[in-house]
Amino acid sequence: MRPALEIDDVAVYYDKRRALEGVTLTVERGEIVTLLGANGAGKSTTLRAVSGLVRAARGRIVYEGRDISHAPADAIVAAGVGHVPEGREIFGEFTVLENLLVGGHTVPRRQIGERLEEAFRLFPVLRERRLQAAGTLSGGEQQMLAIARALMPRPRLLLLDEPSLGLAPLLSREIFDVIRRINADGVSVLLVEQNARRALALATRGYVLETGRLVASGPSAGLAADPRVRRAYLGLDGARRGAAT
Amino acid sequence: MRAAALGSGAVVVLGWPWAAPRYFVFLASLIAINAIVAIGLNLLTGYTNQLSFGHAGFLAIGAYAAALLTIQAPLVPLPATLLAAGLVTAAMGLALGVPCLRLEGLYLAMATLAFGFVVVEAILNLDWLTRGNDGLRVPAARIGPWALTTDTSRYYVVVTVAALLILAARNITRTRTGRALLAVRESEIAAQASGVHLAAYKTLAFVVSAFYTGVAGGLFALVVGFLSPDSFDVFLSVDFVAMIIVGGLGSILGSVMGAAVITTLNDSLAGFQSYRPLVFGAILIVSMLFMPGGIASALQKIQPRQGDRA
Amino acid sequence: MITRSILLFLLVVALSVSRAAAEPGVSDTEIVIGGSNSFSGPLAYTGEQITKFGVDLYLRVVNDAGGIHGRKVRTIYYDDGYRPQDSVANTKKLVEQDGVFAIIIPQGSPPVVATLEYLEEHKVPMLFPYQSSPVTRARRYVFQGMTLSDRSSRMMIDYLAGTRKYKKFAALYQDDEYGKSFLAAFEKDLGRFGLKLTAAESVKRGVTDVSAQIAKLHAARPEVTFLVLVPGPAAQALRERQKIGWTDTLMVSTGPLTDEKYLALATDAANGVEGLSLWPDPATSDLPGVKLYRAYMVKYFPKNEPNRYSLAGYFAGMLFTEAAMRAGRNLTRESLITALESIKGFESGILPPLTIGRDHETQKQGFWVRVEKGRFTPLTDWLKSE
């Protein structure tokens, strides 16, 4: 069986500016893999390239053995890739329910009810708030909504972009628990996270990006022990966070 | 509170012709027509961030389609005529929307501006059909046995159609297609990540916007009774944009308010003659400076309501 | 909320009931007339001149002399920018809100035609619309202003084919009601002499490059080339002709075109051009009425140069005053119409003695001019169009 995701020598340019250069990584089925790096290193771009929101100028992106490098975003969603974008990007003026319904845009109509049930089972608070405007939810609830929305088409690969950003420690722990549960249901996860310590604790393996290039990779434990990673991303030894050298 | 406001609003709208001076019945019809255009334009600009300076062109297509149909086939009932005007214009919206997908911001504004000019040129060149510069007189439309010859009868037709289209726009989130369209406004990224085909929905926005404007064009022909290419100049397109900016981008209530404000403003400034464009421009700039989110957001600030998507 | 809107509602009702007068626009002290016109858009200059510096100029003279049977005349104008829907809105507003007695000197075929049926239906007189298409003819509530195209054509063809014995005619015309109504009239009048147009080329409105049309007309070698255009393209046509050295044709401008603006645009390319002039030269004519017009202009609007447009508006104001005087103290819309129809041999000191009668036309004559050193020099006395 082919891995959930194979990214092979991918480059992405915004106009002429290079955002990714020769990135190669793999997510095995059922695995949680984390992508570390400073702001602007290309983490979000990697996720966007996978879900088809930006186009790779070079290289191949293969999902479960299918080349999706040139597939349109809606086809990638339909194929089973879910994406929780950076900043959550919930539809603030929609109700919670309407947010989930947009998430189910590619789902056949008769299955919508059952998918909504799943979402509400996973996040009971969303059921309570289903008729409330999403913009009025708390930060944690919005994040849950963003994840629940991405889960509506039952993806087999979930791309998570900074799910704990701006959340209180207690809440982000809750979100991480949710990720673990989703993974336990057989969903492979590619996680971009600023809280490197927690991400490495959750993931089996990790990759480190610097200005669009991979500079390190390996099992989480190994990365957590790497002095460069420790200094740059784990905030140890008094180094400034995010200032990769 | 809301039901009461709606109820008294309905009473005023329905009772208007019996209470207001006659001219204001006509003016109210114009406001309702412009409100339909503003909602249509807002579906495009407010929801999918596509700016159009060519909606006078769509209005012209709808108006001429309805007028020619009324002349050539007087037996076609008015609702069918209006629907046909909307559909013809929607087809033009599709034809314009597809090539415009590649354009953004200023370039899109230029392309739609050009579209407006092309429509006027087409009306001039198809003079065997449209009577060109001489203008086209539109005979009174009929609903069954009644000929719509009074301002009051036309007013009721216009407000009925406007009410239906407002209702449709407000309930657009009840359909999958409508939700996807609005989702694009809220977040293009999240909409795409949810599997919404961006290009298709941006084009759809053009089509729906053109449909609304085409129906409004049919009503315009009915109410004004005379069409000429001079009716649909670029300033009319600019007026429509002003309506949604003053009213509030992406807001249906705002579209209606913006249409009311700009139409009334234009009407009351007609007496200022040569100073009209100057006064109009000044008022626009001032209102944009002090009310950047339009009337809709100013209202919301005064009276915040949870989850209201007016 | 409900009480407030009901109160508002009642207020509106009260306001609407309170306005009910005997004859709209006529009170013990005042007569209110008005019109929709171009104060912005392509014809803004003309619109302003015919109304504010034309009609209003004459009415200021009248009001300062005590008004019409003790009533001062007030005018209301609204801008339509040449847009028919705005002229419809403005006209409805004038009739229904301002309650004007009559509509005076609206401009341009589309805005005028758009309001025709409405005004007839409400029996409101439309006085002296400033446009030349015969679409406004034979309507009880309309009195023509500008000489209609078929009358102009008759004078022009009678003079050129009859008196001057020209045989070969061509036309460069604007592709709209104005141009086409002239074209049709030319064909008809030439037919009376057993002639027809050798060539006709059209110009779309708003287009200024006419080189292709001039080249085609040149190839047809007409003795006379009519210019049925507006000042911009007409001046362009003259310059183009000068450029290609086309000298063996007589360029002739129609009545609406023969004005100073067109001369100024064409400069020396206009020399030798002939045309039908509908008005005596507003700046130089020695006619007593025109001298008086200039004196009043200096008195009331010293910064405004005399011109044909304001003269036309001034004349419209004069005709309205004459008719309202004749109608007497008991002025109604119907009595005004009767009074206008009764005008016979009226001496304006500007145009030849005027008889309006049943045809409702107020300007039926013009005279022939040739451009010499940037001015129109008369070649004939007033021509007949009957």
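Worth saying up front: this structure is predicted, and the values here are computed from it rather than measured. (Residues numbered from 1 in each chain as written. Chains lettered and ligands numbered in written order. Predicted model: local features only at pLDDT ≥ 70, side-chain atom pairs only at ≥ 80, totals over all residues.)

**Some words on the overall build of chain A**
Then step 1. A tally of helices and strands in chain A yields ten helices and ten strands.
Then step 2. Taken along its principal axes, the extent of the C-alpha atoms in chain A is 50 × 40 × 35 Å.
Then step 3. Per-residue burial for chain A yields a buried fraction of 47% across its 245 residues.
Then step 4. At a minimum sequence separation of 6, the contacts of chain A that also span at least 24 residues come to 66%. (Helix = DSSP H or I, 4+ residues; strand = E, 2+ residues; numbered from the N terminus. Buried ≥ 20, exposed ≤ 12 C-beta atoms within 10 Å, placed from the backbone. Contact = placed C-beta atoms within 7 Å.)

**Some points on the overall build of chain C**
Then step 1. Scanning chain C from terminus to terminus reveals twelve helices and twelve strands.
Then step 2. A compact globule built from 386 residues should have a C-alpha radius of gyration of about 21 Å, and chain C, at 22 Å, falls within 12% of that.
Then step 3. With respect to the principal axes defined by its C-alpha atoms, chain C has extents near 75 × 50 × 40 Å.
Then step 4. Relative to its 386 residues, chain C shows a buried fraction of 51%.
Then step 5. Residue pairs at least 24 apart in sequence account for 67% of intrachain contacts in chain C once pairs closer than 6 positions are excluded. (Rg over C-alpha atoms; globule rule 2.2 N^0.38 Å.)

**Examining the nonpolar core**
Then step 1. Membership of the largest hydrophobic core comes to 183 residues, with the highest contact counts inside it found for L191 of chain A together with I33, I36, V158, Y212, V215 and L219 of chain B.
Then step 2. Looking at this core, the element that brings in the most residues is helix α2 (residues 22-48) of chain B, giving 18 residues.
Then step 3. Aside from chain neighbours lying at most four places away, what touches V215 of chain B is I36, G62, L82, A85, G86, V161 and L165 of chain B.
Then step 4. Counting residues in each nonpolar core, the second largest holds 102 residues, with F182, L227, A316 and A323 of chain C among its members. (Core = buried A, V, L, I, M, F, W, Y, C linked by C-beta atoms within 7 Å.)

**Overview of the packing of α2 of chain B against helix α12 (residues 252-269) of chain B**
Residue and element names in this part refer to chain B.
Then step 1. Interhelical geometry of α2 versus α12 gives an angle of 135° and a closest axis separation of 8 Å. It follows that α2 is oblique to α12 by the angle criterion. The two elements α2 and α12 meet at a crossing, and its hand is right-handed. In this structure, α2 contributes L27, L30, I31, N34, A35, A38, I39 and N42 to the contact, and α12 contributes I252, S255, V256, G258, A259, A260, T263 and D267.
Then step 2. Taken together, the residues of the contact of α2 with α12 sort by class into ten nonpolar, five polar and one charged. (Axes fitted to C-alpha atoms, helices over the stretch in contact; angles between N-to-C directions. Parallel < 35°, antiparallel > 145°, perpendicular 65-115°, else oblique. Left-handed = near helix turned anticlockwise from the far one by under 90°. Nonpolar A, V, L, I, M, F, W, Y, C, P; charged D, E, K, R; others polar.)

**A look at the interface of chain C and chain B**
Interface size, as often reported, equals the accessible area lost upon joining of the parts.
Then step 1. Counting residues at the interface gives 33 residues for chain C, matched by 31 residues for chain B.
Then step 2. Those elements that place two or more of their residues in the side of chain C that touches chain B are α1 (2-18), α2 (44-64), β2 (72-79), α3 (84-97) and α4 (109-121) of chain C.
Then step 3. In terms of residue count, α3 of chain C provides more of the side of chain C that touches chain B than any other element does, nine residues in total.
Then step 4. Of the residues assigned to the side of chain C that touches chain B, the class counts are 16 nonpolar, seven polar and ten charged.

**Focus on the arrangement of the chains**
Then step 1. Where two pairs of chains are in contact, the pair with the most contacts is made of chains B and C.
Then step 2. Separated in space, chain A and chain C share no contact, their closest pair of C-alpha atoms being 26 Å apart.

**Side note on the pairing of strand β11 (residues 367-372) of chain C**
Residues and elements named next belong to chain C.
Then step 1. Direction of pairing for strand β10 (residues 274-277) relative to β11: antiparallel, over a ladder of four bridges. Opposite L276, over in β11, you have W368 as the bridge partner.
Then step 2. Relative to strand β12 (residues 375-378), β11 runs antiparallel, the two sharing four bridges. Bridge pairing links E372 to R375 in β12.
Then step 3. Between β11 and β12, which pair antiparallel one after the other, the connecting turn spans two residues, and K373 there sits at a positive phi close to 50°. (Pairing = 2+ DSSP bridges.)

**A short note on the environment of Q97 of chain C**
Then step 1. Assignment of secondary structure puts Q97 of chain C in helix α3.
Then step 2. By the C-beta count within 10 Å, which is 16 here, Q97 of chain C ends up partly exposed.
Then step 3. The contacts of Q97 of chain C, once residues within four sequence positions are left out, are P21 and Y23 of chain B.

**As for the confidence of the model for chain A**
In low-pLDDT regions, the fine details of the predicted coordinates are not to be read closely.
Then step 1. Residue-level pLDDT values for chain A average 89, and 96% of them are 70 or greater.
Then step 2. Low pLDDT, under 50, characterises residues 237-245 of chain A; the predicted model gives this stretch ten contacts beyond four residues in sequence or across chains. (pLDDT = per-residue confidence, 0-100.)

**Here's the deal with the interface of chain A and chain B**
Then step 1. Taken together, the 28 residues of chain A in the interface contact 19 residues of chain B.
Then step 2. Elements represented by at least two residues in the side of chain A that touches chain B include exactly α2 (73-79), α3 (96-103) and α6 (139-151) of chain A.
Then step 3. Broken down by class, the residue content of the side of chain A that touches chain B amounts to 14 nonpolar, nine polar and five charged.

**A few points about the confidence of the model for chain C**
Then step 1. Summing up the model confidence of chain C, the mean pLDDT is 89 and the portion of residues at 70 or higher is 94%.
Then step 2. The low-confidence segment residues 16-21 of chain C, where pLDDT is below 50, has four contacts with residues more than four positions distant or belonging to other chains.

**A look at the packing of helix α11 (residues 308-327) of chain C against helix α12 (residues 333-341) of chain C**
Residue and element names in this part refer to chain C.
Then step 1. α12 packs onto α11 with a crossing angle of 110° between their chain directions and a minimal axis gap of 8 Å. One element, α11, and the other, α12, form an angle in the roughly perpendicular class. In the crossing of α11 with α12, the sense of the turn from one axis to the other is right-handed. Contacts between α11 and α12 involve A323, A324, R326 and A327 from the former and S335, L336, A339 and L340 from the latter.

**Things to note about helix α7 (residues 169-184) of chain A**
All names here are of chain A.
Then step 1. Helix length check: α7, at 16 residues, gives a terminal C-alpha distance of 22 Å against a target of 22 Å (1.5 Å per residue), a fit within 8%.
Then step 2. Buried residues of α7: S172, I179 and I182, and no others. Along the long axis of α7, the arc covered by the buried residues comes to 70°, so they all point the same way. Looking at α7, the residues exposed on the side facing more than 90 degrees away from the buried face are L170, D177, R180, R181 and A184.
Then step 3. For α7, the secondary structure elements touched by its buried residues are β7 (157-161), β8 (188-192) and α8 (196-202). (Expected span 1.5 Å × (residues − 1). Arc of directions from axis to C-beta.)

**A few points about the sheet that holds strand β1 (residues 5-14) of chain A**
Either a parallel or an antiparallel arrangement is found when strands of a sheet pair, and the pairing is made through backbone hydrogen bonds.
All names here are of chain A.
Then step 1. As summarised here, the arrangement of the four strands in space is β2-β1-β4-β5, forming an open sheet in which the pairing is antiparallel. Looking along the sheet, the strands with just one partner apiece sit at the ends: β2 (17-27) and β5 (66-67).
Then step 2. Pairing between β1 and β2: seven bridges, direction antiparallel. Within the sheet, the bridge partner assigned to E6 lies in β2 and is T26.
Then step 3. Along the sheet face, helix α1 (residues 43-51) touches β1, β2 and β4 (58-63) and points at about 70° away from the line of β2.

**Considerations on the domain arrangement of chain C**
Residue and element names in this part refer to chain C.
Then step 1. Looking at the assigned domains, one finds that chain C contains domain 1 (21-146 + 286-355) and domain 2 (149-277 + 367-378).
Then step 2. Relative to domain 2, the C-alpha centre of domain 1 lies at a distance of 30 Å.
Then step 3. Facing seven residues of domain 1, the contacting portion of domain 2 comprises eight residues.
Then step 4. The residue inventory of the side of domain 1 that touches domain 2, partitioned by class, reads two nonpolar, four polar and one charged. (Domains from an automatic or database assignment.)

**Description of the pairing of β7 of chain A**
Residue and element names in this part refer to chain A.
Then step 1. Burial runs high along β7: five of the five residues are buried.
Then step 2. Of the two faces of β7, both are covered, the one formed by L157, L159 and D161 as well as the one formed by L158 and L160.
Then step 3. Sheet topology note: the strand β6 (residues 81-84)/β7 ladder contains four bridges and is parallel. Residue pairing for β7: H83 is matched across the bridge by L159.
Then step 4. Bridging between β7 and β8 involves five bridges; their strand directions are parallel. Within the sheet, the bridge partner assigned to L157 lies in β8 and is S188.
Then step 5. One crossover worth recording links β7 to the parallel β8 by way of α7, and it is right-handed. (Right-handed = clockwise from strand over helix to strand, strands pointing away.)

**Quick word on the environment of E98 of chain A**
Then step 1. Along the polypeptide, E98 of chain A turns up in helix α3.
Then step 2. A tally of 22 C-beta atoms within 10 Å means that E98 of chain A is categorised as buried.
Then step 3. As a C-alpha pair, E98 of chain A and R130 of chain A span 32 residues in sequence and 8.3 Å in three-dimensional space.
Then step 4. Discounting residues that sit within four places of it in the chain, E98 of chain A has contacts with F91 of chain A together with T173 and R179 of chain B.

**So, the sheet that holds strand β9 (residues 250-253) of chain C**
Residues and elements named next belong to chain C.
Then step 1. Spatially, the seven strands line up as an open sheet ordered β7-β6-β8-β9-β10-β11-β12, and their pairing is mixed. Either end of the sheet is taken by a strand with one partner, and the two such strands are β7 (197-203) and β12. Between one strand axis and the next, the sheet turns through 30° on average, direction left out of account.
Then step 2. Where helix α5 (residues 149-163) meets the sheet, it contacts β8 (224-228), β9, β10 and β11, and its direction lies at approximately 135° from that of β10.
Then step 3. Along the sheet face, helix α8 (residues 231-244) touches β6 (169-174), β7, β8 and β9 and points at about 175° away from the line of β9.

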